[in-house]
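Residues per chain are reported as follows:
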Amino acid sequence: MLKIDFYVQHLMRHNATGVELVSGKPVKFLFPTGDRQSNKPIEHAQVVQLVQEAASPAALEALRASGAAEFLHKSSAGLDVRVQLFAAAPGTWKVRLLPSADETPPRASLPDAAPAASGQAAKPAARGAPPQVESVPGEPAINRYLRQLVAMGGSDLHLSSDVPPMLRVDGTMKKMDPTAPPLTPDELLRMLMEITPAPNKEEYERTNDTDFAHTIEGVARFRANVFTDRKGPGAVFRQIPFDILSVEQIGIPEKVLDLCWLSKGLVLVTGPTGSGKSTTLATLIDYINDNREEHIITIEDPIEFVHDNKKCLVNQREIGTHTDSFKKALRAALREDPDIVLVGEMRDLETIAIAIETAETGHLVFGTLHTTTAPSTVDRIIDQFPPDQQEQIRVMLSESLRGVISQVLCKKKGGGRVAGYEVLISNSAVSNLIREGKTYQLKSVMQTGKRLGMQTMNDCLLEHVKAGRVAPEEAYIKSNDKALLKQAFKQNNIPLNLGGEE
């Protein structure tokens, strides 16, 4: 694939009106509502290379002679793109990619959809029909389904024996292709084993479950879980984009960013499976990587978002590949001179205990738990310990906990999803309530602590509904205190239609 086509893919994926690449500056995506930038700049050598690969000799000669040129480029996905070139100063080129006047970027109704990648062609589809992606010669067979997942803007690919491939798109399950036949157990197992690493094959044969990461260069990374159910083998692939979303893109509350400037303490990101915890953590780590000069160690199962070294040195360790377990890696991290440690999952008592100990001894620790509210997160941690240790853990947690961000993903009106955040910021009142075992009062502290950046989930959901981003019914489904949210809707004259009952 030509390097220029990588940016054409992003132009199509984000439904942008153009892409602008300037030597030494972040890549800029142009939208009618305002521009967005990538997280890191593009080097001059990269700009020169992508131009030289795609431009005709006549266009390059015009660029040398007059400092400007334009040519038409047909991308590997079949989109005609106008390429405008400017060489205003030595060592600085500007390149603009714009859909040609007679082209409309495909799949405009799917704002998060990505194009067909290198070596494949997307079959013309009827209006409203999903794009059809062909297999790439030499690639594993399962890659076609994964490319299709990306092309349709899905978050998860579900493969089950005797069932056609399914996708989760904007939170809703749907068939990848209504005409596709079911996958037989033998066919599915062959596809899965083709990409499963040898240690994971052994684990799957022994336990009927295994987790690993799979990458399609230039398309996306995928977190895979392979399992067995009553019908035979199955798998779920979660899409992990190469690009880490910015703070602005995911809408993290401003006060949460203050937690990224701490020198020590425990920060927890919680929520149910599929609520975007990994995305939020990746964005927070990337923010630190952009703004601080520290040593970051991440411990994950498997590694999801890949962090390049920016201002920070980042070491990423994968369970099963680089270390045996979270607790062993976390214990070893104390001897690896870290400033910041990310624990992908605080699964058991010992891991939680070491994480709290690490936070107490002068490190900033980020972790995740599968809890749905900030108060229940505190209770879950304390309840992990035997009764005779709980008093001591309350004291340790009251001193080390700095913040809890609980989140859910809501379906947006018109497509896409938006996160709802509940935020608990530790202060003297929060510490006292944890120490005294009065976690049931934490919700009241969040309601009265808005000036400190705290908010309840209902506060956030109500704001989404008022702004027209989320339907009242969707917010009601995602709320943990439905009676209180229903009351807030009435106070704000917001109709709630629950099967004809309001």
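Residues numbered from 1 in each chain as written. Predicted model: local features only at pLDDT ≥ 70, side-chain atom pairs only at ≥ 80, totals over all residues. Heavy atoms only, no water.

**Quick word on the environment of T279**
Link 1 in the chain: Take T279: it is sitting in helix α9 (residues 277-291).
Link 2 in the chain: For the pair formed by T279 and E304, sequence separation is 25 residues and the distance between their alpha carbons is 9.2 Å.
Link 3 in the chain: Apart from residues no more than four positions distant in its own chain, T279 is found in contact with L245, I250 and F305. (Helix = DSSP H or I, 4+ residues; strand = E, 2+ residues; numbered from the N terminus. Contact = heavy atoms within 4.5 Å.)

**What about the nonpolar core?**
It is characteristic of soluble globular proteins that their nonpolar side chains tend to be buried jointly.
Link 1 in the chain: In terms of nonpolar packing, the biggest core is built from 63 residues, with F366 and L397 touching the most fellow members.
Link 2 in the chain: Ignoring sequence-local partners within four residues, the contact set of F366 consists of L259, V267, L281, L284, I285, I288, I340, V341, L342 and V343. (Core = buried A, V, L, I, M, F, W, Y, C linked by side-chain atoms within 4.5 Å. Buried < 20%, exposed > 50% of the residue type's maximum accessible area, 1.4 Å probe, protein only.)

**Considering unusual backbone geometry**
Link 1 in the chain: Residue P302 is reached from D301 by a cis peptide bond, and omega for that bond is -10°.
Link 2 in the chain: Secondary-structure assignment places P302 in the loop between β16 (295-300) and β17 (313-318).
Link 3 in the chain: In this model, N208 sits at a positive phi of 65°, which is unusual for a non-glycine residue.
Link 4 in the chain: Among the residues examined, N208 registers a relative accessible area of 38% and is labelled partly exposed.
Link 5 in the chain: Phi is positive for D337, which is not a glycine, with a value near 55°.
Link 6 in the chain: Counting through the fold element by element, D337 comes out in the loop between α10 (326-333) and β18 (340-343).

**Remarks on the sheet that holds strand β10 (residues 166-169)**
Link 1 in the chain: Ordered by their spatial adjacency, six strands build an open sheet running β11-β10-β9-β14-β13-β12, and the pairing between neighbours is antiparallel. Looking along the sheet, the strands with just one partner apiece sit at the ends: β11 (172-175) and β12 (209-216). Taken pair by pair, the neighbouring strands of this sheet meet at an average axis angle of 25°, ignoring direction.
Link 2 in the chain: Where strand β9 (residues 156-160) lies against β10, three bridges are found, and the strand directions are antiparallel. (Pairing = 2+ DSSP bridges. Axes fitted to C-alpha atoms, helices over the stretch in contact; angles between N-to-C directions.)

**Details of the packing of α10 against helix α11 (residues 349-360)**
Link 1 in the chain: The interhelical angle for the contact between α10 and α11, taken along N-to-C directions, is 20°, at an axis separation of 9 Å. Here α10 is positioned roughly parallel relative to α11, judged by the angle of their axes. In this structure, α10 meets α11 at a crossing whose hand is left-handed. Here α10 contributes F326, K327, L330 and R331 to the contact with α11, which in turn contributes E350, T351, I354, A355, E357 and T358. (Parallel < 35°, antiparallel > 145°, perpendicular 65-115°, else oblique. Left-handed = near helix turned anticlockwise from the far one by under 90°.)

**What to know about the packing of aromatic side chains**
Link 1 in the chain: The full count for this structure, using the stated rule, is one aromatic pair.
Link 2 in the chain: With a centroid separation of 6.3 Å and 90° between ring planes, the pair formed by W261 and Y287 is classed as edge-to-face. With W261 in the loop between α8 (254-257) and β15 (265-270) and Y287 in helix α9, this pair connects stretches of sequence that are 26 residues apart.
Link 3 in the chain: Against the face of Y145 rests R144, its NZ or CZ located 4.8 Å from the ring centre.
Link 4 in the chain: Across from the ring centre of Y476, 5.8 Å away, lies the NZ or CZ of K482, which sits over that ring. (Phe/Tyr/Trp six-rings, centres within 6.5 Å; stacked < 30°, edge-to-face > 60°. Lys NZ or Arg CZ within 6 Å of the ring centre and 35° of its normal.)

**A short note on the sheet that holds strand β19 (residues 364-369)**
Link 1 in the chain: Reading across the sheet, the seven strands line up as β17-β16-β18-β19-β15-β20-β21 and stay open at both edges, with mixed pairing between neighbours. The open sheet has two edge strands with one neighbour each: β17 and β21 (417-425). Within this sheet the neighbouring strands show an average axis-to-axis angle of 15°, counted without direction.
Link 2 in the chain: Where strand β20 (residues 401-411) lies against β21, nine bridges are found, and the strand directions are antiparallel. The residue of β21 that forms the bridge with L409 is A419.

**Overview of the pairing of β21**
Link 1 in the chain: Among the nine residues that make up β21, eight are buried, leaving the element largely enclosed by the rest of the structure.
Link 2 in the chain: Connecting the antiparallel pair β20 and β21 is a turn made up of five residues, with G414 showing a positive phi of about 85°.

**Considerations on the pattern of salt bridges**
Link 1 in the chain: Enumeration according to the criterion identifies 20 salt bridges in this entry.
Link 2 in the chain: Among the charged side chains, a network of salt bridges with common partners joins D286, D290 and K310. (Salt bridge = Lys/Arg side-chain N within 4 Å of Asp/Glu carboxyl O.)

**Topic: helix α12 (residues 374-383)**
Link 1 in the chain: Taken together, the buried positions of α12 are A374, P375, T377, V378, I381 and I382. In an axial view of α12, the angular spread of the buried residues amounts to 160°, which keeps them on one side of the axis. (Arc of directions from axis to C-beta.)

**Here's the deal with the side chain of S155**
Link 1 in the chain: Summarising the element assignment, S155 is placed in the loop between α4 (142-151) and β9.
Link 2 in the chain: A polar side-chain atom of S155 sits 2.8 Å from a polar atom in the side chain of D156.
Link 3 in the chain: Look past the residues within four positions of S155 in its chain and what remains in contact with it is L149, R168, F237, R238, Q239 and R417. (Polar contact = N/O pair within 3.5 Å; in protein donor to acceptor, adjacent residues only side chain to side chain.)

**A few points about the confidence of the model for the protein**
Link 1 in the chain: Of the residues in the protein, 91% reach a pLDDT of 70 or more, and the chain-wide mean stands at 87.
Link 2 in the chain: In this model, residues 102-128 is a region of pLDDT below 50 whose contacts with residues beyond four sequence positions or in other chains number 68 contacts. (pLDDT = per-residue confidence, 0-100.)

**As for the pairing of β10**
Where a strand is regular, its side chains alternate between the two sheet faces.
Link 1 in the chain: Side chains L167 and V169 project from β10 onto a buried face, and the interleaved M166 and R168 project onto a face without burial.
Link 2 in the chain: Linking β9 to β10, which pair antiparallel, is a turn of five residues; within it D162 sits at a positive phi near 65°.
Link 3 in the chain: Joining the antiparallel neighbours β10 and β11 is a turn of two residues, in which D170 adopts a positive phi near 55°.

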